[in-house]
Amino acid sequence: MGAEAMANKTAANRKPSMGDVAEAVGVSKTTISRYLHGEFGCMSPETKARIEAVISELGYRPNKMAQGLKATVSHLVGVTIADIGNPFSSLLLKGIQQECRARDVQLLVSDSNNQASFERANIESLLDAQVDGLIVNTVGNNDDWLSEYCARRNHKPMVMLDRIAQPIVCDCVATDNHGAVFEMLDYLVDRGFDYVVLVTRPSDGISTRTMRREAVEQYFLDRGLRGEVLVYREDAADLADCLVSTIAAHGGERICLFANNDETMHDVLEALPASPDGHVGVCAFANERWAKYSGIGITCLDQNPVEMGRAAARVLLARIYDGYDGPYELKEMPARLCAFASTEA
């Protein structure tokens, strides 16, 4: 049966199968399988061209999951995200997708809902689905399990993204948190601020929160800037009271509230009794597009999560498909300081 007749048949009844392609081309399903897996060594150019044409005519789409059970590589990459509802996470995924799409690699994505047990289950499920490698945006407090995974014999390559385990047990891509914090605090000093309050949720084993707090405290110690760290719970009803009392205690000084991330920035803006003025400034680790239109415009450190996702994918794909076997590395990416009205005099 020709490709056109086969296309009419399958269109009327079901999706075309590998057997349909083989029948239309006049070859075995084994030959079609070799084509799909890129094994062209014993295949004539004419056969290869014919298979390509018939696949296009029939609109055949191979089942990647089924292929993965039989092939050395599945061309699938697994991604587990700490909180897929966080806008920062969606931009990480966008960057990962851009690199994978360029290599004809598909993504399987799981949400850990900020729970370590979900993250472990996600990873095991992705491995059961025959992914070729993993990108992990960890929830925190899971370093021991992730280290044990990386110590397994013949484990699939893994890259940790944004949040990392230390010492590193695999390739990691993260923001240069120390450099970014020092750049922001230098800027605030230049703008005449006398007192800085880092506002953050508890570290809970999350490396970004720990690194930023340590960098702020080091700056206070090394540079003589006065300030404090204000830790609050996500559901803390007293955040507003804490901010009001802190601001009141420094009524004769310029004080700046430095939010640890986008979510904390939103919490601070909601908790403040009024819009920031020249006495009280606000800055944050945050995406420029959102910070720019928040209130009067919030001075921010933009981490460029799309590029972070792309960098993580490039590292992983190089290990999986390009034969790279160098030592594990931590790639620290610079944040970009974007100044807006919230830190103006």
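See the structure shown above.
Here we summarise the structure given alongside this text.

Definitions and cut-offs
Residues numbered from 1 in each chain as written. Predicted model: local features only at pLDDT ≥ 70, side-chain atom pairs only at ≥ 80, totals over all residues. Heavy atoms only, no water. Buried < 20%, exposed > 50% of the residue type's maximum accessible area, 1.4 Å probe, protein only. Helix = DSSP H or I, 4+ residues; strand = E, 2+ residues; numbered from the N terminus. Pairing = 2+ DSSP bridges. Axes fitted to C-alpha atoms, helices over the stretch in contact; angles between N-to-C directions. Core = buried A, V, L, I, M, F, W, Y, C linked by side-chain atoms within 4.5 Å. Contact = heavy atoms within 4.5 Å. Parallel < 35°, antiparallel > 145°, perpendicular 65-115°, else oblique. Nonpolar A, V, L, I, M, F, W, Y, C, P; charged D, E, K, R; others polar. Salt bridge = Lys/Arg side-chain N within 4 Å of Asp/Glu carboxyl O. Expected span 1.5 Å × (residues − 1). Arc of directions from axis to C-beta.

1. A look at the pairing of strand β10 (residues 299-302)
Step number 1: Covered by surrounding structure in β10 are T299 and L301 together with C300 and D302, the residues of both alternating faces.
Step number 2: Pairing geometry for strand β9 (residues 280-285) and β10, over 3 bridges, is parallel. When the bridges of β10 are listed, F285 appears paired with L301.
Step number 3: Of the pairings in the sheet, the one linking β10 to strand β12 (residues 336-338) comprises 3 bridges and is antiparallel in character.

2. Points about the sheet that holds strand β4 (residues 158-161)
Step number 1: The sheet built from 6 strands is open, its strands ordered β2-β1-β3-β4-β5-β11 with parallel pairing. A strand with exactly one partner marks an edge of an open sheet, and here the two such strands are β2 (106-111) and β11 (330-333). Taking each pair of neighbouring strands and ignoring which way they run, the sheet shows an average axis angle of 15°.
Step number 2: In the sheet, β4 pairs with strand β5 (residues 171-175) via 3 bridges, with the strands oriented parallel. By the bridge assignment, L161 is partnered in β5 with V173.

3. A short note on the nonpolar core
Step number 1: With 24 residues, the main nonpolar core has V199, L243 and L257 as its most contacted residues.
Step number 2: Looking at this core, the elements with two or more residues in it are β6 (195-200), α11 (239-249), β8 (255-259), α12 (262-271) and β9.
Step number 3: Setting aside chain neighbours within four positions, we find L257 in contact with V197, V199, L243, V268, L272, V280, G281, V282 and C283.

4. Brief notes about the side chain of S110
Step number 1: Note on placement: S110 falls in strand β2.
Step number 2: Sequence-distant contacts of S110, defined by excluding residues within four places in its chain, comprise V79, T80, I81, N122 and L126.

5. Some thoughts on the packing of helix α2 (residues 18-25) against helix α3 (residues 29-36)
Step number 1: Following both chains from N to C, one finds α2 and α3 inclined at 110°, their axes separated by 8 Å at the closest point. If you check the angle between α2 and α3, you find them roughly perpendicular. Residues M18, G19, V21 and A22 of α2 pack against K29, I32, S33 and L36 of α3.
Step number 2: Looking at the contact of α2 with α3 residue by residue, the classes come out as 5 nonpolar, 2 polar and 1 charged.

6. Description of the pattern of salt bridges
Step number 1: For the structure on display, the rule yields 16 salt bridges.
Step number 2: Where E99 meets R310, a salt bridge forms, and the shortest distance between an N and an O atom there is 2.8 Å. Placement of the pair is E99 in helix α6 (residues 87-102) and R310 in helix α14 (residues 305-321), with a sequence separation of 211 residues.
Step number 3: Taking the relative accessible area as the measure of exposure, E99 reaches 12% and is therefore buried.
Step number 4: With a closest N to O distance of 3.5 Å, R152 and E148 form a salt bridge.
Step number 5: For R152, a relative accessible area of 27% translates into the label partly exposed.
Step number 6: According to the relative accessible area criterion, E148 is partly exposed, its value standing at 39%.

7. Topic: the sheet that holds β10
Step number 1: Strands sit in the order β7-β6-β8-β9-β10-β12 across an open sheet of 6 strands; the sheet is mixed. This sheet does not close on itself; its edge strands, each paired only once, are β7 (226-231) and β12. The average undirected angle you get between the axes of adjacent strands in this sheet is 20°.
Step number 2: Of the strands in this sheet, β6, β7, β8 and β9 are in contact with α11, which crosses β7 at around 170°.

8. Description of helix α7 (residues 116-128)
Step number 1: Here α7 contains 13 residues, and its C-alpha end-to-end distance of 19 Å stays within 8% of the 18 Å for a straight helix at 1.5 Å per residue.
Step number 2: Considered for burial, the residues of α7 that qualify are A116, E119, N122, I123, L126 and L127. Each buried residue of α7 lies within a common arc of 130° when the element is viewed along its axis, so the set occupies one face.
Step number 3: Among the residues trailing α7, Q130 stands out with phi positive, at a value near 70°.

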